[in-house]
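Structural overview
Listed here are the chains, written in short residue letters.
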Amino acid sequence: SLPGIPIHADDSQVQINFFVTPTEANLWSQDSSSPAGGLVVFGVGPPAEWAFYDYNSEGASPRIREFIASTGNWNLTVPYVQNRAVLFDSTYFHRTDDIAFKKGYKNRRINLTFLYGDREKLKPAEVVRVA
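Residues numbered from 1 in each chain as written. Predicted model: local features only at pLDDT ≥ 70, side-chain atom pairs only at ≥ 80, totals over all residues. Heavy atoms only, no water.

1. A look at the overall build of the protein
Counting secondary structure elements, the protein contains 2 helices and 6 strands. For the protein, the sequential pattern of α-helices and β-strands runs β-β-α-α-β-β-β-β. By the compact-globule yardstick of 14 Å for 131 residues, the protein fits well, its C-alpha radius of gyration being 15 Å. C-alpha atoms of the protein, sized along the principal axes, occupy 45 × 30 × 30 Å. Buried positions account for 37% of the 131 residues belonging to the protein. Summarising the internal contacts of the protein: among those between residues at least 6 apart in sequence, 87% fall at separations of at least 24. With an accessible surface of roughly 7,600 Å², the protein has 55% of that area assigned to carbon and sulfur atoms. Across the protein, 13 positive and 14 negative side-chain charges occur, with their mean positions spaced 7 Å apart. (Helix = DSSP H or I, 4+ residues; strand = E, 2+ residues; numbered from the N terminus. Rg over C-alpha atoms; globule rule 2.2 N^0.38 Å. Buried < 20%, exposed > 50% of the residue type's maximum accessible area, 1.4 Å probe, protein only. Contact = heavy atoms within 4.5 Å. Areas by Shrake-Rupley, 256 points an atom, 1.4 Å probe, with all protein chains shown as cover. Lys, Arg positive; Asp, Glu negative; His and termini not counted. Charge placed at Lys NZ, Arg CZ, Asp CG, Glu CD.)

Quick look at the structure:
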């Protein structure tokens with residue numbers, strides 16, 4: 001399988017991710033020891049002073065991971081299931097979960113992403129903390 005999108009936050013307020021590929025193509029659906037192949041959403045977004053490049057570029061991943069670790073690493077993994085829509089605050093950091101899908105073109109992981117709103121008009125979300 002090809003890799004997914006690395007950890008980042010988006011320049012929008014709300015996001016919908018829609019999973020299109022049949023669930024049976026995801027090896028997790030037959031073997032729960034395989035990665036879920038969906039979406040990992042972390043309970044924190046970038047500080048207000050970070051520029052777009054600081055939270056939405058491949059080169060920023062180490063800094064983002066360090067920042068998330070400093071807040072307790074809280075995250076939620078949403079498994080890839082066909083026709084599932086995931087709606088969340090796109091100011092939170094998120095990434096594609098590790099992927100293990102069957103071989104072949106018809107089994108490629110397809111995800112549609114819809115972004116809404118303008119980040120600069122939004123106050124950053126509070127950090128989700130582990131109790």
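2. Observations concerning the sheet that holds strand S3 (residues 75-78)
Strands pair in a sheet through their backbones, by hydrogen bonds, and they do so in one of two ways: parallel or antiparallel. Across the sheet, which stays open at both edges, the 3 strands sit in the order S3-S2-S5 with antiparallel pairing between neighbours. Edge positions in the sheet fall to S3 and strand S5 (94-96), since each of these pairs with one other strand and no more. Sheet twist, expressed as the average angle between the axes of neighbouring strands with direction ignored, equals 15 degrees. The pairing of strand S2 (residues 39-42) with S3 spans 4 bridges and is antiparallel. Across the sheet, the residue bridging to phenylalanine 42 is asparagine 75, located in S3. (Pairing = 2+ DSSP bridges. Axes fitted to C-alpha atoms, helices over the stretch in contact; angles between N-to-C directions.)

3. A word on the side chain of aspartate 97
The residue aspartate 97 is located in the loop between S5 and strand S6 (111-116) in this model. The side chain of aspartate 97 sits in the buried core without any salt bridge; arginine 95 is the nearest counter-charge, 4.2 Å away. Those residues in contact with aspartate 97 that sit more than four places away from it in its chain are Pro35, Ala36, Gly37, Gly38, Leu39, Val40 and Thr77. (Salt bridge = Lys/Arg side-chain N within 4 Å of Asp/Glu carboxyl O.)

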